[in-house]
Amino acid sequence: MERRPTKREPAESDLDRARRLDAADPLAPFRSRFVLPDPSLIYLDGNSLGRLPTASAARLQQEIQQEWAEQLIRGWNRGWYEAPERIGERIAPLIGAAPGQVVVSDSTSVNLYKLVHAALALRPDRHRIVSSTFNFPTDLYVVQGCIAAAGHRHRLDLVASEDEIHLPTEEVIAAIDEETALVTLSHVAFKSGFLHDGARISAAAREAGALILWDLSHSVGAVPVDLDGWGADMAVGCTYKYLNGGPGAPAFLYVAHAIQAACRSPIQGWFGQQAPFDFDLAYHPAPGVRRFLVGTPPVLSLAAIEPALDLHHEAGMEPIRRKSVALSEFLLDLFDRRLVPLGFSLGSPRNADHRGSHLSLRHSDAYRICRALIEEVGVLPDFRAPDHIRLGLAPLYLGFEQLHEAVVRLEQVVREDLHLRYPSARLSVT
Ligand SMILES: *Cc1c(COP(=O)(O)O)cnc(C)c1O
């Protein structure tokens, strides 16, 4: 028998693989739905501020020219008044909420304040609040403020991570007891990207008779969330991160149907009153989740959110999550082979089941490397103290070839010592 010479396939280069993944990516066309003034810029901070959708830019122009300039006060009866609820209902399916439980209002911090107050009032005989060292600092400040406002009757217990990357579900659950009034956690940790098991922790809180309040800021729009399915009580989250709602866009809040009637907002504003335009002198809360509205909503900012949400509905959360995982796995592979030798270590979970949609790379010179990436080579990540470079992977506008190029530019910064041109002193916003 004649032996055919074995021909070895040339190994596929990283760039070829990136291009192959882009060609097979069903979400690739969504990139063209965003305003991209500098196509060479690689934007890896969609977990802090999403890009501008083309449709939002057009909608804002229309809002200014027609609705503000021409309609003036009549706009309130032509869609402005209902906007906080209408947009809340558009967010609801992205977080597993049936209608009537989500409104858009204020900032995440303010919404958290309202809900923590309401939760503590529902459990007057319990005096513990459980959170974690992974929670976003504003959340902990708000909780500390609520404890002070309630007369220092509560104790805040923080579950700590041993490796600063993971926070095992068992450890969180073990901290919840019969004394616990409230458990409040960031679903995805802002530094390491660790993803909590929403279902198991919500169930554990319920079994102990505690309430659970999730902060979804780093998960909404990137990671599937199932609040109703988990049996969660409350949630808050940003619209300006993966949802691309625009800088300072108002946040959302969720209160489960089962507890709405018993909940009171500590900020009793007229937009949460049952009939604001009766100008009644006594406050009667609106039925349902609307009672957590406070004052006049930011109409222009609300207008930008709606077309942005259309993109998420069109794409679907499952495909978005699938691509997010594929992007992070691709990046991890490049990281292991090409960045570890340059002194980087991984600050995020290796297992995609425990990871949100950003990866944290640690390096002793992280801050200066970040500066050089931004100012020398057109890559925009962000820096979180002490040594994390966060790379946010927003599936609607980031492709594999760009991610590959980001790694090439990162290698260049370190190899050519471009970061040594920058001082170690930090700018005020990192
Ligand atoms: C971004 C973020 C916030 C921000 O809160 P604001 O009130 O909008 O400034 C809060 N919590 C988490 C978990 C975040 O990631």
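1. Examining the pattern of salt bridges
Turning to step 1, where the next piece is worked out: On inspection of all chains with the given rule, the structure shows 29 salt bridges.
Turning to step 2, where the next piece is worked out: Notably, a salt bridge pairs Arg17 with Asp333, separated by 2.4 Å at the nearest N-O pair. Of the two residues, Arg17 sits in helix H1 (residues 14-23) while Asp333 sits in helix H11 (residues 317-339), which places them 316 residues apart along the sequence.
Turning to step 3, where the next piece is worked out: The class of Asp333 is partly exposed, set by a relative accessible area of 27%.
Turning to step 4, where the next piece is worked out: Asp382 is paired through a salt bridge with Arg390; the nearest N and O atoms lie 2.6 Å apart.
Turning to step 5, where the next piece is worked out: For Arg390, a relative accessible area of 1% corresponds to the buried category.
Turning to step 6, where the next piece is worked out: Here the residues in one salt-bridge network are Asp14, Arg17, Asp333, Arg337, Arg338 and Glu411, joined through shared partners.

2. Overview of the site of the ligand
Turning to step 1, where the next piece is worked out: In the region of the ligand, 13 residues are neighbours, and Ser109, Asp215, His218, Tyr240 and Lys241 sit closest.
Turning to step 2, where the next piece is worked out: Side-chain polar atom of Asp139 to a nitrogen atom of the ligand: 3.3 Å apart, as the coordinates give it.
Turning to step 3, where the next piece is worked out: Between Tyr240 and the ligand, the recorded distance is 2.8 Å, taken from a side-chain N or O atom to an oxygen atom.
Turning to step 4, where the next piece is worked out: Computed on the free molecule, the ligand has an accessible area of 390 Å², of which 87% lies beneath the protein chains in the complex.

3. Brief notes about the packing of helix H12 (residues 366-376) against helix H13 (residues 400-415)
Turning to step 1, where the next piece is worked out: H13 packs onto H12 with a crossing angle of 120 degrees between their chain directions and a minimal axis gap of 10 Å. As far as their axial angle goes, H13 and H12 are oblique. Classified by chirality, the crossing of H13 by H12 is right-handed. The segment H12 lies against H13, with Ile369, Ala372 and Leu373 engaging Arg409, Leu410, Val413 and Val414.
Turning to step 2, where the next piece is worked out: Among the residues making up the contact of H12 with H13, the classes are represented as 6 nonpolar, no polar and 1 charged.

4. Section: a nonpolar patch on the surface
Turning to step 1, where the next piece is worked out: Taken together, the side chains of Ile64, Trp68, Leu72, Ile73 and Leu300 make up a nonpolar region of the molecular surface, amounting to roughly 500 Å² of accessible area.
Turning to step 2, where the next piece is worked out: As for its position among the elements, Leu300 is in helix H10 (residues 299-315).
Turning to step 3, where the next piece is worked out: The class of Leu300 is partly exposed, set by a relative accessible area of 31%.

5. Topic: the sheet that holds strand S7 (residues 234-237)
Turning to step 1, where the next piece is worked out: Ordered by their spatial adjacency, 7 strands build an open sheet running S2-S8-S7-S6-S5-S3-S4, and the pairing between neighbours is mixed. The open sheet has two edge strands, strand S2 (102-104) and strand S4 (155-159), and neither has a second partner. Between one strand axis and the next, the sheet turns through 15 degrees on average, direction left out of account.
Turning to step 2, where the next piece is worked out: Relative to S7, strand S6 (residues 211-215) runs parallel, the two being bridged by 3 bridges. Looking across to S7, one finds that Leu213 is bridged to Met234.
Turning to step 3, where the next piece is worked out: Here helix H4 (residues 108-122) sits on the sheet in contact with strand S3 (128-132), strand S5 (180-186), S6, S7 and strand S8 (252-255), set at roughly 170 degrees to S7.

6. Topic: the packing of helix H2 (residues 54-71) against H10
Turning to step 1, where the next piece is worked out: Packing of H2 against H10 leaves a shortest axis separation of 8 Å and a crossing angle of 140 degrees. The handedness of the crossing between H2 and H10 is right-handed. Only Val299, Leu300, Ala303, Ala304, Pro307 and Ala308 of H10 make contact with H2, whose side of the interface consists of Ala55, Ser56, Arg59, Leu60, Glu63, Ile64 and Trp68.

Reading the values: the criteria
Residue positions within a chain follow its written sequence, with the count starting from 1. The predicted nature of this model means local features are confined to residues of pLDDT at least 70 and side-chain atom pairs, given and counted, to a pLDDT of 80 or more, with totals for whole chains, interfaces and linings taken over all residues. With hydrogens and water stripped out, all remaining heavy atoms of the structure feed into the side-chain values. What counts as a salt bridge is simple: a side-chain nitrogen of Lys or Arg found within 4 Å of a carboxyl oxygen of Asp or Glu. Put simply, DSSP marks the helices as runs of H or I at least four residues long and the strands as runs of E at least two long, and each gets a number from the N terminus on. Working definition: with a 1.4 Å probe on protein chains only, accessible area under 20% of the residue-type maximum means buried, over 50% means exposed, and in between means partly exposed. We call a residue near a molecule or strand whenever a single non-hydrogen atom of that residue lies within 4 Å of it. Here a polar contact means two N or O atoms within 3.5 Å. Within protein one must be a hydrogen donor candidate and the other an acceptor candidate, and residues neighboring in sequence count only if both atoms are side-chain atoms. Surface exposure here means Shrake-Rupley accessible area, sampled with a 1.4 Å probe, where a residue is shielded only by the protein chains that are shown. Axes here refer to lines fitted to C-alpha atoms; in helices the fit is confined to the stretch in contact. Angles between the N-to-C directions go from 0 to 180 degrees. Working definition: roughly parallel below 35 degrees, roughly antiparallel above 145 degrees, roughly perpendicular at 65 to 115 degrees, and oblique for all remaining angles. Crossing handedness follows the turn of the near helix against the far one: under a right angle anticlockwise gives a left-handed crossing, and clockwise gives a right-handed one. In what follows, residue pairs with any heavy atoms lying within 4.5 Å of each other are defined as contacts. Ten residue types, Ala, Val, Leu, Ile, Met, Phe, Trp, Tyr, Cys and Pro, are classed as nonpolar, four, Asp, Glu, Lys and Arg, as charged, and the remainder, Gly among them, as polar. Excluding any residue in a salt bridge, patches collect residues exceeding 30% relative accessible area, merging like charges within 9 Å and nonpolar Val, Leu, Ile, Met, Phe, Trp and Tyr side chains within 5 Å. Two strands make a pair as long as DSSP finds a minimum of two bridges between them.

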